[in-house]
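Notes for the structure review
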Amino acid sequence: IELQFDADLAGKPGFIVYQRDANGRRRPEVDYPQREPVNGRSVVLTIDQAYQSIAEEELQRGVQNAAARSGRCVILQPRTGEILALANVPSIDPNDLSSYTSNEIANAKNRVVTDVYEPGSTFKLVAMSAALNEGLVKPDDVLDGNNGCWEYAPGQKPIRDEHGFGRISLRDAFIYSSNIISAKLAERLGAERFYTYARNFGFGLRTGIELPGEVRGELRKPTAWDGSTLKYLAFGYGLSATSLQIACAYAAIANDGVLMQPFIRRWLLDEDRNIIEETTPQVIRRVVSSGTAATMRDFMRGVVERGTATAAAIPGVDIAGKTGTSQRLVGDRYSSTSHVASFVGFFPASDPKILILVLLEEPKNGYYGGVVAAPVFRNIALRIITSRPEFAPPARPVPEWIDTVRVPDLCGLHQEVAVVLARAYGLEVRTRGNGDVVCRQNPAPGNRSRRRETVTLDLASAERGTPLVRVPDVTGIPVRRAAARLAASGLHASIAGSGVVFSQLPAAGELLEHGAPCTLLAEPRRGSPVHVY
């Protein structure tokens, strides 16, 4: 950072010419040129200090657990291209150089932009998205996986899959990372179209990030290819790329198919901390359509949910991603004991806000990207999600049965007792009348009511010498029996209709003064003849 922005940080020195008089006093000479000094400026980065700390800690832990030679991690915002964290292991503290050997200091560099590797299966993004974008295949098309061994030409080394697939859908071919299907898609595209898409995703080109030492990687032109190059390029061999290039390519898919230029400087400030220059997100190009990008995100969800990266899954979090495992060139041959394992993913898949790439070089305790790199991604993502409120799951509505209470029976209670009991149930209370005993309530006892709702209590006086009578429930019985039951309770029945009581006023359970009327509404019993006059 200091090397890249040294001219801004250092400022510019000034000078003035003085003359000394006969008495030895100095004085500025106005006839000589002079220059005012320019104070250095401040650079504010896009790096998130919390994310950076998390990335460094979890990457260090991942390198140790896998017994890897080195590790790299990139965290960026796919919609804008802002770099939120860059981590390298091993690394050095430039404030304490004396504790390192000269060799360690000489090898200290930002490998995210300076070191290249053959990406392996993460590069399958190009063939798959290009074939979909060109309309050559559809997501649920079924292709022949040749049972895991494709002898595409006599005398040529066959292309193999880790797991043999016969007929397999395009979706599952990506989810389970089929080399054979990727090679066949590249064949359908042809050399020129495949090369164009790879370049459009940014391979073989510098990303333009404001960091020194960035390399462009290698993507040869089709004129330099032989008969097998296209097929092996399809699953990530025969080219070289930086970790940042892979991260940016996947960020394009997260960003609805639009490739953004990554940047690390947010603001340039003057000596008074005023912003004099601000970096704004820059669109490089559209690589694939929005529809193709959405399909690829759906494929990548499957990779995490049931494919090669289930170790990256976090319950309740919508994650999309892809694993990569590639053999390293040792001398002039690919080694079966030296690998590069990687995983790149983003979340939430429906509205991507964070993209994380993790790469481990020469891991010894396992070497598949889904085994050693995906868990590091998961640990980083989990700590980010739990530390920032914007990733908290949306609040779910409280079920009605939790936020409601069953209204207690308050009739017959003294006013003060009824109010205390109602509030103990979480209800508000409103009273009507001048008495001191509850004779009627609304809502009725047993009904469910939301907490903090109001229950209305009608009051009657118990000091008139007239006892209060609780209204019995007489619905569903013949009116003669209903009237007799009311009379037995000390109430007077006022009947409307004939047959069976279907409603009564006041309602059952309310308190009335002795001798008070109670209206019964009746209708003929079902099946009884109805006479019309």
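First, a word on scope: everything that follows refers to the structure included in this document.

1. With respect to the packing of aromatic side chains
For the coordinates displayed, the defined rule picks out 12 aromatic pairs. The interplanar angle of 70° and the centroid separation of 4.8 Å between the aromatic rings of Phe123 and Phe203 together place this pair among those described as edge-to-face. Of this pair, Phe123 sits in the loop between strand E6 (116-117) and helix H5 (124-133) while Phe203 sits in the loop between helix H8 (191-200) and helix H9 (229-233), and the two are 80 residues apart along the sequence. The two residues Phe123 and Phe203 agree in class, both being buried. Measuring from ring centre to ring centre gives 6.2 Å for Phe165 and Tyr176, while their planes differ by 40°; the resulting arrangement is tilted. You can see Phe165 sitting in the loop between strand E9 (159-160) and strand E10 (167-169) and its partner Tyr176 sitting in the loop between helix H6 (170-175) and helix H7 (179-189), a full 11 residues away along the chain. A cation over an aromatic ring shows up here: Arg26 above the ring of Tyr18, its NZ or CZ 5.0 Å from the ring centre.

2. A word on the nonpolar core
If you look at the biggest cluster of nonpolar residues, it comprises 104 residues, and the most contacted ones within it are Ile75, Phe194, Phe201, Phe347, Ile356 and Ile384. Of all the elements, helix H10 (residues 243-254) adds the most residues to this core, at 10 residues. Residues within four places of Phe194 in sequence aside, it is in contact with Phe123, Val126, Ala127, Ala186, Leu189, Trp225, Leu230, Leu233 and Ala234.

3. Examining the layout of surface pockets
In this structure, the largest pocket occupies an estimated 1200 Å³ of space. As for the largest pocket, its lining consists of 38 residues, and the residues nearest its centre are Arg160, Asn179, Phe235, Tyr237 and Thr325. Mapped by element, the contributors of at least two residues to the lining of the largest pocket are E9, H9, strand E16 (320-330), strand E17 (333-347) and helix H12 (369-387). The element best represented in the lining of the largest pocket is E16, accounting for 4 residues. Tallied by class, residues from the lining of the largest pocket come to 13 nonpolar, 18 polar and 7 charged. Taken as a whole, the second largest pocket holds about 900 Å³ of empty space.

4. Notes on empty space enclosed by the protein
Following the criterion strictly, the structure yields 1 cavity of 30 Å³ or more and no others. Counted as a void, the largest cavity has a volume near 40 Å³. Lining the largest cavity, in full, are Leu76, Pro78, Gly81, Cys248, Ala251, Ala252, Val258, Met260 and Pro262. Elements with a minimum of two residues in the lining of the largest cavity: H10 and strand E12 (258-260). Of all the elements, H10 adds the most residues to the lining of the largest cavity, at 3 residues. Split into classes, the residues belonging to the lining of the largest cavity amount to 8 nonpolar, 1 polar and no charged.

5. Observations regarding the side chain of Asp48
Examined against the element boundaries, Asp48 turns out to sit in the loop between strand E3 (42-45) and helix H2 (49-66). At a separation of 3.0 Å, a polar atom in the side chain of Asp48 contacts the main-chain amide nitrogen of Tyr51. Residues contacting Asp48, with those up to four places away along its chain left out, are Leu84 and Arg388.

6. What about H2?
Owing to its 3.6 residues per turn, the α-helix aligns residues three or four sequence positions apart on the same side. With 18 residues, H2 ought to run about 26 Å at 1.5 Å a step, and its terminal C-alpha atoms sit 26 Å apart, in line with that. Among the structural elements, strand E4 (70-76), strand E5 (83-89), strand E18 (354-361) and H12 are those in contact with the buried residues of H2. Where H2 begins, the capping side chain belongs to Asp48, and its oxygen is found 2.9 Å from the backbone nitrogen of Ala50. At the C-terminal side of H2, Ala67 shows a positive phi close to 50°.

7. Remarks on the packing of H10 against helix H11 (residues 290-306)
The N-to-C vectors of H10 and H11 enclose an angle of 110°; their axes lie 8 Å apart at closest approach. Between H10 and H11, the interaxial angle falls into the category roughly perpendicular. Between H10 and H11, the contacting residues are Tyr250, Ile253 and Ala254 on the first element and Ala293, Met296, Arg297 and Met300 on the second. A class-by-class count of the residues in the contact of H10 with H11 yields 6 nonpolar, no polar and 1 charged.

Reading guide: rules and limits
Residues numbered from 1 in each chain as written. Predicted model: local features only at pLDDT ≥ 70, side-chain atom pairs only at ≥ 80, totals over all residues. Heavy atoms only, no water. Phe/Tyr/Trp six-rings, centres within 6.5 Å; stacked < 30°, edge-to-face > 60°. Helix = DSSP H or I, 4+ residues; strand = E, 2+ residues; numbered from the N terminus. Buried < 20%, exposed > 50% of the residue type's maximum accessible area, 1.4 Å probe, protein only. Lys NZ or Arg CZ within 6 Å of the ring centre and 35° of its normal. Core = buried A, V, L, I, M, F, W, Y, C linked by side-chain atoms within 4.5 Å. Contact = heavy atoms within 4.5 Å. 1 Å grid on protein atoms, 1.4 Å probe; cavity = no way out; pocket = protein on both sides within 12 Å on 5 of 7 lines; lining within 4 Å. Points joined across faces, edges and corners; volume = space filled by probe spheres on them. Nonpolar A, V, L, I, M, F, W, Y, C, P; charged D, E, K, R; others polar. Polar contact = N/O pair within 3.5 Å; in protein donor to acceptor, adjacent residues only side chain to side chain. Expected span 1.5 Å × (residues − 1). Axes fitted to C-alpha atoms, helices over the stretch in contact; angles between N-to-C directions. Parallel < 35°, antiparallel > 145°, perpendicular 65-115°, else oblique.

Read these as spatial facts, not as claims about activity.
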